[in-house]
Amino acid sequence: MIHYKIQPCSPEAHLFQVVLRVPQPEPKGQAFTLPAWIPGSYMIRDFAKNIVTLSAQCDGAKLDVRKLDKQTWKCEPCTAELIIEYQVYAWDLSVRSAHLDATHAYFNGTSVFLRAMGMERRPCQVEILPPEGENYRHWRLATTLPVLDAKPLGFGLFKAADYEELVDHPVEMGCFAYGSFDASGVVHEIVITGRHNADMARLREDLKAVCQLHIGFFGELPLMDRYLFQVMTVGDGYGGLEHRSSTSLVCSRADLPQKGRQEVTEGYRRFLGLCSHEYFHLWNVKRIRPAVFQGADLSKEAHTALLWLFEGITSYYDDLALVRSGRIKPESYLELLAQVITRVTRGSGRFKQTLAESSFDAWTKFYQQDENAPNAIVSYYTKGALAALALDLIIRQQTSGSKSLDDVMRALWAIHGRTDLGVQEGDMEALTQKVTGLDLGDFFNLALHSTEDLPLARLLEEVVAVGCRLRPARNQKDQGGIRKRGESSPAPGSTLGVRYKSNGSDVILTTVFDGGVAQQVGLSAGDVIIAMDGIRVPPSELDELVSSMPVDKTITVHAFRRDELMQFELRLRPPPSDTCELWLLDTTTSERKKERDSWLGISD
Ligand code: ZN
């Protein structure tokens, strides 16, 4: 048994103190290592850089410790219990590592628990203590680590069957808001840290509906004692990470449902979509997982071409579950779907990188995006979601509505999820054929291994009677959405072919799109636009000014680059048709109406 004790020793300095005891260390010298990445977030983060001090002792005597690489230590040989003491700096407010101050503490095991090498299969005990002092008397603790000796929401002793489990139950401590509900006979808890005005009763009701929808979808909840939504609210933030029986989320406090309000705001819809996404991961990626993630070596990258399956398909079902569970209206779902289509269509990177390549290179490309990302890569989340949609519609069309992607997902759960048989490349294609009787090899080649656009507009219209068209954007904020009845296309204006931000007074280019006029004359990301045709342009007016100018007009742009003033002459162009609008067609056959109702989960 490996024993850990962790305590915030200095919240003001953001330090955890960890004591690790190994009863029978390796006789030739015990080695310890900390992961370089956390499952679910595919980037090397080198958590060991946050270990500030580390010492070892045995039988009361100090031992020599040698560093072998950036994240591995080795102690001199000893024969009795080995004790390692170390401090970890925790000041990253994200769901991926650890954060500690006088208001709360949060950690993932991958950031704080050293792995005794060669002993990763041994069971672990973890003693978790609050910071010392009167100020922390009211702190409570929320985690799904199995309890050995602790009261509900209390500090104490916890256990894990092995290291992999130990680091898959993040821990939150502090004075948080608490709520719970039952789904499928299992207690689901919600813990919200940070200042907020959330309507917990409404949150419980909506999350319960979404969870039950997913449980019904797969037919059962994976075996677990309880489930935890661990929420951190901030002014402006968004993110989540999935775990085997919990999820850690960061959201804007304004996105939570406010007391006394009834509507589903865009922010609340986004928050429910995030919760739905992470909950779907309970099946798809935590249990139905790529073979390379099973017992993955967390010291280096684990490449897979299958992230489109785990993140793309999850991204397809996250919002779909909101309409199927009655949380949002069909039009609201189509608005979200149109925005996903817009996001994919806006980047010419989709003509350069396939979905399989996007998955494989997540570590260095998707997770390390720079100013050129829209021109160079495609997202396995958004394009993966569209591939899932296209696959679903094709199955529905070619089986006359007797099968759908839902059936394939249930088969994946039965064959790979329940049994923990890792998913290999090609398994999804073979299983789809087995479940539906269709040979969809050409479709999978197109969607995963080519850079051609998917035939979405045709499929949406033919299968589920949804109209789809692309039009020019009205302005930079225009993400597309639902087409309003009787609304005409915006009059064609002009565009520079850039994305920009404001530094308060000036426009700073953040992306210069391939093929746009800005790129043709050499304007670059980072350039500070000072004036157009000799007149200063406030950031708030740039969009309107450019779109009101006639196409083909030649203008002079002054910009600073490296503090040097530069001048560009450019001829304006019409904006590309890259903004998606969807709408429900009403002149439709009863089959298509029936299929649409089945797809959106609408019953008469
Ligand atoms: Zn995800």
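These numbers were taken from a predicted model, which means no experiment stands behind them. (Residues numbered from 1 in each chain as written. Predicted model: local features only at pLDDT ≥ 70, side-chain atom pairs only at ≥ 80, totals over all residues. Heavy atoms only, no water.)

Participant: Is there a simple way to think about the overall build of the chain in this case?
Facilitator: Within the chain, the secondary structure is distributed over 16 helices and 30 strands. Taking 25 Å as the expected radius of gyration for a compact globule of 604 residues, we find that the chain reaches 26 Å, a close match to that expectation. Taking the principal axes of the C-alpha coordinates as reference, the chain spans close to 80 × 65 × 50 Å. By the burial criterion, 56% of the 604 residues in the chain qualify as buried. Across the chain, every contact between residues at least 6 apart in sequence was considered, and the portion connecting residues at least 24 apart equals 69%. In the form shown here, the chain has an accessible surface area of approximately 25800 Å², with 48% of it arising from carbon and sulfur atoms. Mean positive and mean negative side-chain charge positions of the chain (67 and 78 charges, respectively) differ by 2 Å. (Helix = DSSP H or I, 4+ residues; strand = E, 2+ residues; numbered from the N terminus. Rg over C-alpha atoms; globule rule 2.2 N^0.38 Å. Buried < 20%, exposed > 50% of the residue type's maximum accessible area, 1.4 Å probe, protein only. Contact = heavy atoms within 4.5 Å. Areas by Shrake-Rupley, 256 points an atom, 1.4 Å probe, with all protein chains shown as cover. Lys, Arg positive; Asp, Glu negative; His and termini not counted. Charge placed at Lys NZ, Arg CZ, Asp CG, Glu CD.)

Participant: Whenever I open this one, a nonpolar patch on the surface confuses me. Can you help?
Facilitator: Taken together, the side chains of Val-52, Tyr-89 and Trp-91 present a nonpolar region at the surface, about 300 Å² in accessible area. One can find Tyr-89 in strand β8 (residues 82–89). (Patch = residues over 30% accessible without salt bridge, like charges linked within 9 Å, V, L, I, M, F, W, Y side chains within 5 Å. Salt bridge = Lys/Arg side-chain N within 4 Å of Asp/Glu carboxyl O.)

Participant: Teacher, can you tell me more about the pairing of strand β6 (residues 65–69) here?
Facilitator: Each regular strand shows side chains that alternate between the opposite faces of the sheet. Inspection of the sheet shows β6 paired to strand β7 (residues 72–75) by four bridges, in the antiparallel sense. Bridge pairing in β7 places Arg-66 opposite Lys-74. The antiparallel hairpin formed by β6 and β7 contains two residues in its connecting segment. (Pairing = 2+ DSSP bridges.)

Participant: It is not clear to me how the packing of helix α6 (residues 330–345) against helix α9 (residues 382–398) should be interpreted in this structure. Could you clarify?
Facilitator: Two packed helices can be described by the angle between their axes and the distance between those axes. As a packed pair, α6 and α9 sit with axes 9 Å apart at the nearest point and diverge in direction by 120°. With respect to α9, the axis of α6 lies oblique. Both α6 and α9 take part in a crossing whose hand is left-handed. Between α6, through Leu-337, Val-340, Ile-341, Arg-343 and Val-344, and α9, the contact on the second element is made entirely by Thr-382, Lys-383, Leu-386 and Leu-389. Along the lines of polarity and charge, the residues of the contact of α6 with α9 split into six nonpolar, one polar and two charged. (Axes fitted to C-alpha atoms, helices over the stretch in contact; angles between N-to-C directions. Parallel < 35°, antiparallel > 145°, perpendicular 65-115°, else oblique. Left-handed = near helix turned anticlockwise from the far one by under 90°. Nonpolar A, V, L, I, M, F, W, Y, C, P; charged D, E, K, R; others polar.)

Participant: So what exactly am I meant to see when it comes to the state of the cysteines here?
Facilitator: Formally, a disulfide is one covalent bond, and it connects the sulfur atom of one cysteine to the sulfur atom of another. Following the criterion strictly, the structure yields zero disulfides and no others. No disulfide involves Cys-78; its sulfur sits 3.6 Å from the nearest other cysteine sulfur, which is in Cys-58. Cysteine Cys-468 remains unbridged, with the sulfur of Cys-580 as its closest cysteine sulfur at 4.0 Å. (Disulfide = S-S within 2.5 Å.)

Participant: Before we go on, may I ask you to explain the coordination of the zinc ion in this structure?
Facilitator: Reference values for coordination geometry: four tetrahedral donors around a metal ideally subtend 109.5 degrees, six octahedral donors ideally subtend 90 or 180 degrees. Only His-277 (NE2), His-281 (NE2) and Glu-311 (OE) from the protein coordinate the zinc ion, and they sit 2.0 to 2.1 Å from it. Binding-site remark: the zinc ion is held by donors from one chain whose sequence spacing is H-x3-H-x29-E. An identical accessibility class is assigned to His-277 and His-281; each is buried. (Donors = N, O, S within 2.8 Å, 3.2 Å for Na, K, Ca; no water.)

Participant: Just checking my understanding: could you explain the nonpolar core for this structure?
Facilitator: Most often, soluble globular proteins have nonpolar side chains that are buried together. Counting 104 residues, the largest nonpolar core has Phe-229, Trp-308, Tyr-316, Tyr-333, Met-428, Leu-582 and Trp-599 as its most contacted members. Three or more residues apiece are contributed to this core by two domains, here domain 2 (176–265) and domain 3 (291–461). Leu-582 has contacts with Leu-334, Leu-337, Ala-338, Ile-341, Leu-460, Val-466, Gly-467, Cys-468, Gly-481, Ile-482 and Arg-483, leaving out every residue within four places of it along the chain. Counting residues in hydrophobic clusters, the runner-up holds 54 residues, among them Ile-6, Leu-141, Ala-160 and Val-250. (Core = buried A, V, L, I, M, F, W, Y, C linked by side-chain atoms within 4.5 Å. Domains from an automatic or database assignment.)

Participant: Teacher, can you tell me more about the packing of aromatic side chains here?
Facilitator: On inspection of all chains with the given rule, the structure shows 28 aromatic pairs. Geometrically, the ring pair formed by Tyr-4 and Phe-113 is tilted, given 4.9 Å between the ring centres and 55° between the ring planes. Of the two residues, Tyr-4 is situated in strand β1 (residues 2–10) and Phe-113 in the loop between α1 (109–112) and β11 (115–116); the sequence distance between them amounts to 109 residues. Residue classification places Phe-113 among the buried positions, given a relative accessible area of 1%. Note on Tyr-279 and Trp-283: the rings are 5.6 Å apart at their centroids and 75° apart in plane angle, and the pair reads as edge-to-face. For the pair Tyr-279 and Trp-283, a shared accessibility class is recorded, and that class is buried. Taken together, the ring pairs in this structure connect Phe-217, Phe-218, Tyr-227, Phe-229, Tyr-279, Phe-280, Trp-283, Tyr-316, Tyr-317 and Trp-413 into an aromatic cluster. (Phe/Tyr/Trp six-rings, centres within 6.5 Å; stacked < 30°, edge-to-face > 60°.)

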